[in-house]
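Survey of secondary and tertiary structure
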Amino acid sequence: MRLLIVSNRLPVVVSKDNGEFTMTKSAGGLVSGMSDFLAGLGKNKSEIKEYVWMGWPGNSVEKEDEDHLRDRVREEFNASPVFLSKKLMDKVYLGFCNRTIWPLFHYFPNYARFDLEFWEEYKRMNEIFRDEVLKELREDDIIWIHDYHLMLLPALLREKVQNPIGFFLHIPFPSYEMYRMLHKESRTAILEGLIGADLVGFHTHDYTQHFLRCVLRILGKENHMGRISMPDHTVEAETFPMGIDFNKFNTMNVSPHITTKNPKRKMVLSVDRLDYSKGIINRLKGFELFLEKNPEWIGKVYLNMIVVPSRTGVGSYKKIKSRLDELVGQINGNFGSMDWTPVIYQYTSLPHKQLIAQYRKSHVALLTPLRDGMNLVAKEYIASLRDQKGVLILSEFTGAAKELSESVIINPNNIDEIADSISEALVIPVKDQIRRNKIMQKRLKRYDVTKWANDFVNALVENTRVTRDSLSKKFLDPELYKKLVSEYRGSKNRIVIVNYDGTLVPFTKYPAMAEPPDALLGLLETLDSQVKTDIVIISGRGKDELDEWLGELPINLTAEHGSWIREAGRKEWRLLKPLSSEWKDEVIPILEMYTDRLPGSFIQERDYSVAWHYHRADIEQASQLVKEVNDHLLSITTNISAHVIHGSKVIEVSNSGINKGELAMHWLSRKEYDFILAIGAGWSDELLFQTMPEHAWSVKVGLSQTAAKYIIKEQKDAISLLRKLGE
Ligand code: GDG
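What counts and what doesn't
Residues numbered from 1 in each chain as written. Predicted model: local features only at pLDDT ≥ 70, side-chain atom pairs only at ≥ 80, totals over all residues. Heavy atoms only, no water. Pairing = 2+ DSSP bridges. Helix = DSSP H or I, 4+ residues; strand = E, 2+ residues; numbered from the N terminus. Contact = heavy atoms within 4.5 Å. Axes fitted to C-alpha atoms, helices over the stretch in contact; angles between N-to-C directions. Salt bridge = Lys/Arg side-chain N within 4 Å of Asp/Glu carboxyl O. Buried < 20%, exposed > 50% of the residue type's maximum accessible area, 1.4 Å probe, protein only. Domains from an automatic or database assignment. Phe/Tyr/Trp six-rings, centres within 6.5 Å; stacked < 30°, edge-to-face > 60°. Near = heavy atom within 4 Å. Polar contact = N/O pair within 3.5 Å; in protein donor to acceptor, adjacent residues only side chain to side chain. Areas by Shrake-Rupley, 256 points an atom, 1.4 Å probe, with all protein chains shown as cover. Nonpolar A, V, L, I, M, F, W, Y, C, P; charged D, E, K, R; others polar.

This part is about the sheet that holds strand β27 (residues 697-701). Pairing is mixed in the open sheet, where eight strands are placed in the order β21-β20-β19-β18-β17-β26-β27-β28. The sheet is open, and its two edges are formed by β21 (574-575) and β28 (710-712), each paired on a single side. The sheet contacts of helix α19 (residues 543-550) involve β18 (533-538), β19 (556-559) and β20 (564-566), and relative to β19 the element is tilted by about 150°.

Here it is, written out as structure tokens:
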């Protein structure tokens, strides 16, 4: 099995100087984490033995250089470059990605721009990635797409291929109120894009829940324990907190003279990309206040800030850079002296060894993001402390805070709290530092980046296997299709029991819109005219509606899930068995009470059944209330002759002993049929499938878990099947 990783940027940046290509590793959390996992492939028990990484090589490349570069990048980095023009990348990367999604998903709506042109370019880039992935893709590949630049890609690929598709979001998924600020088209398309995957992963439980809530509220799709059923796959939303390569950080040898902590002048360290989400300004203000409040520390402590240049093309990043320069100057000017600089600020990316040296040399790490998906630096810092001495101060708004609860957790919006946490951290006894760090190190060692990636990949493979298996076993493939048709033709007495909505006509937004087209009436008539065939339409609809739409046909009709039947050739309806409707007086007032509580819900009363529909109500409010309605109805119907069924966005109460299963038995007991076909699409057809005799063909329309023996994909496939029988 090969792993096909797809991310916006490749882990390598290609540049050309004097005709010579140079390749450098690119920076950032995704690359450093994944690279460590990939380096270990083959050494662990994973089913994945090889990989290819697809993405943009970071710079525009002349057309004539593309082939040469493609070969080199594949050879040296196992990568397959997606060449995109700088113009497009500027628009997408510096546009929709970093001016719309990044600020919004990090709770900075004021920085977000909702430019339609950005969105169009984003769609285009995702389509280009789809085409490139399709060129590279092998049948045994599993696809792992990364991050917010490619959120449309899962669904774009799903339309074309059957490979397992996983998606991992490295940044927070925001709450519904924040997410819905996106334009209608983009907020819907992004969710639809993501649920094209078999597995969608997030760093924390909160992000997973936010995503599921948005899917529920915006797409109206419910989930069961994080699983969303789609026609051709099941999407699982799960939490996988990303780890680091613990051993690398813990065991890397770095010469002692650059890692020794200076007891006389304590170092407070911070490391991050220059980004407003990282809370760098608040950190500086916090440090300034700390000096003001604690003059005894003047000259004895300094803040060492390593700031990695990032997204220099975006205006808000430029602004923060000048504010940062200004503040550093101000603090150093106000507090500094000839032999002491309070803030040492390095605007650069350090070589790896030096970074680890800084981690080990510091007494305190001060990480203050206002929002951060995970924050790997926090984990790397703890892992690097070989002597287990050091204190981590960490913002509660990072994903990492959930796992590093033994650190000093702060709210970075509170400057006082930052200042106080520094004075607290500087005096935490060494014994206590070691105790806390030991616990955190143990945790980080156990769930390292390899475990994280393996967990994700295994969950992806497993989830896909389970859903694909259960669906493919049931799929009415061409062989079975042929067999069904030939059994039909060769039989003497045949019955076709067919549900109306979703099977004979597509599901519609409003029930009254589902009128049968002429072609369907013709088809039913043709089938019925075959002397050996009995046609039975079974529906949950009322008898008047069925009369109006199908009443002219000489076929068997049944209404209200089987309360009423109208036999072929007759005009009058009769009850399947004596029924009572007295229970309605008890049930309707209860449903009325809930209807008042849930705007948009409504009651549909029939002769022997009452349905409470909530598909037009606020879906989230409805899902919370529904359990209460169900329990309430169940508690009163135990003593009366009615039963409750929970369907798709409807709760129905009807006479006990009336359902499509009972009804089917009625039809089947009238004759000895040697061919039985039952086709249905809705929740109420499951009882029909369950009661079918062994030799019957039961077919469910729509790919989902079902009691039917076979599955066909869409409503139009049901019509083609009936048409074939009618030939
Ligand atoms: C995104 C999410 C999420 C930093 N400075 C240097 C350097 N780094 C490396 C660190 C670390 C990585 O960059 C930064 O990762 P973070 O996780 O802290 O932050 P983002 O870049 O914003 O990453 C984040 C992450 O994706 C993973 O899902 O945790 O929340 O925003 O690995 O070591 N590396 C070197 N020199 C430096 O100066 N060599």
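Now that the structure has been shown, we can carry on.
In this section: the pattern of salt bridges. Within this structure, the stated rule accounts for 55 salt bridges. The partner of K724 in a salt bridge is E727, with the nearest N and O atoms 3.5 Å apart. Exposure remark for K724: the relative accessible area of 32% places this residue in the partly exposed category. Three or more residues are tied together by salt bridges with common partners; here these are R2, R74, E136 and D141.

How big an interface is tends to be reported as the loss of accessible area on association of its parts. Partitioning the chain into domains gives domain 1 (2-239), domain 2 (246-446), domain 3 (478-577 + 658-726) and domain 4 (584-655). Centre-to-centre, using C-alpha coordinates, domain 2 lies 69 Å away from domain 3.

Another aspect to go through is the environment of D339. Structurally, D339 is set in the loop between α11 (315-335) and β13 (343-347). Note: C-alpha distance between D339 and G299 (40 residues apart in sequence) is 8.2 Å.

A few words now on the side chain of S421. Turning to its location among the elements, S421 is positioned in helix α14 (residues 415-426). The class of S421 is buried, set by a relative accessible area of 2%. Every residue in contact with S421, bar those within four places of it in the chain, is listed here: I393, V408 and I410.

Once that is clear, we can look at the packing of aromatic side chains. Aromatic rings in a pair are described by how distant their centres are and how their planes are angled relative to each other. Within this structure, the stated rule accounts for 25 aromatic pairs. A ring pair is formed by W564 and Y608, whose centres lie 5.8 Å apart and whose planes are at 55°; its orientation type is tilted. You can see W564 sitting in strand β20 and its partner Y608 sitting in the loop between β22 (602-605) and β23 (609-613), a full 44 residues away along the chain. The buried category is assigned to Y608, whose relative accessible area is 13%. Considering the side-chain rings of W697 and Y710, the 5.3 Å spacing of their centres and the 35° angle between planes classify their relative orientation as tilted. Of this pair, W697 sits in strand β27 while Y710 sits in strand β28, and the two are 13 residues apart along the sequence. One exposure class covers both W697 and Y710, and it is buried. In this structure an aromatic cluster arises from ring pairing among F105, F173, Y179, F202 and F211.

Another point: the sheet that holds β13. Taken in spatial order, the six strands line up as β13-β12-β11-β14-β15-β16 in an open sheet, and their pairing is parallel. The open sheet has two free edges, formed respectively by β13 and β16 (408-410), since each of these has just one partner strand. Going across the sheet, the axis of each strand differs from the next one's by a mean of 20°, ignoring polarity. Two elements, strand β15 (residues 391-395) and β16, share three bridges in a ladder whose sense is parallel. Across the sheet, the residue bridging to S395 is I410, located in β16. Taken strand by strand, helix α13 (residues 376-384) contacts β11 (266-273), β14 (364-367) and β15, and its axis lies near 170° from that of β15.

A few words now on the site of the ligand. In the vicinity of the ligand lie 23 residues, with H170, L350, D372, L376 and E380 positioned nearest. Between M374 and the ligand, the recorded distance is 2.8 Å, taken from a backbone N or O atom to an oxygen atom. With respect to the ligand, the side chain of E380 contributes an N or O atom lying 2.5 Å from an oxygen atom. For the ligand, the accessible surface in isolation is 730 Å², of which the surrounding protein chains cover 92%. Mapped by element, the contributors of at least two residues to the shell around the ligand are α1 (29-39), β11, α12 (352-361) and α13. Taken together, the residues of the shell around the ligand sort by class into 10 nonpolar, nine polar and four charged. When residues of the shell around the ligand are assigned to domains, at least three map to each of domain 1 (2-239) and domain 2 (246-446).

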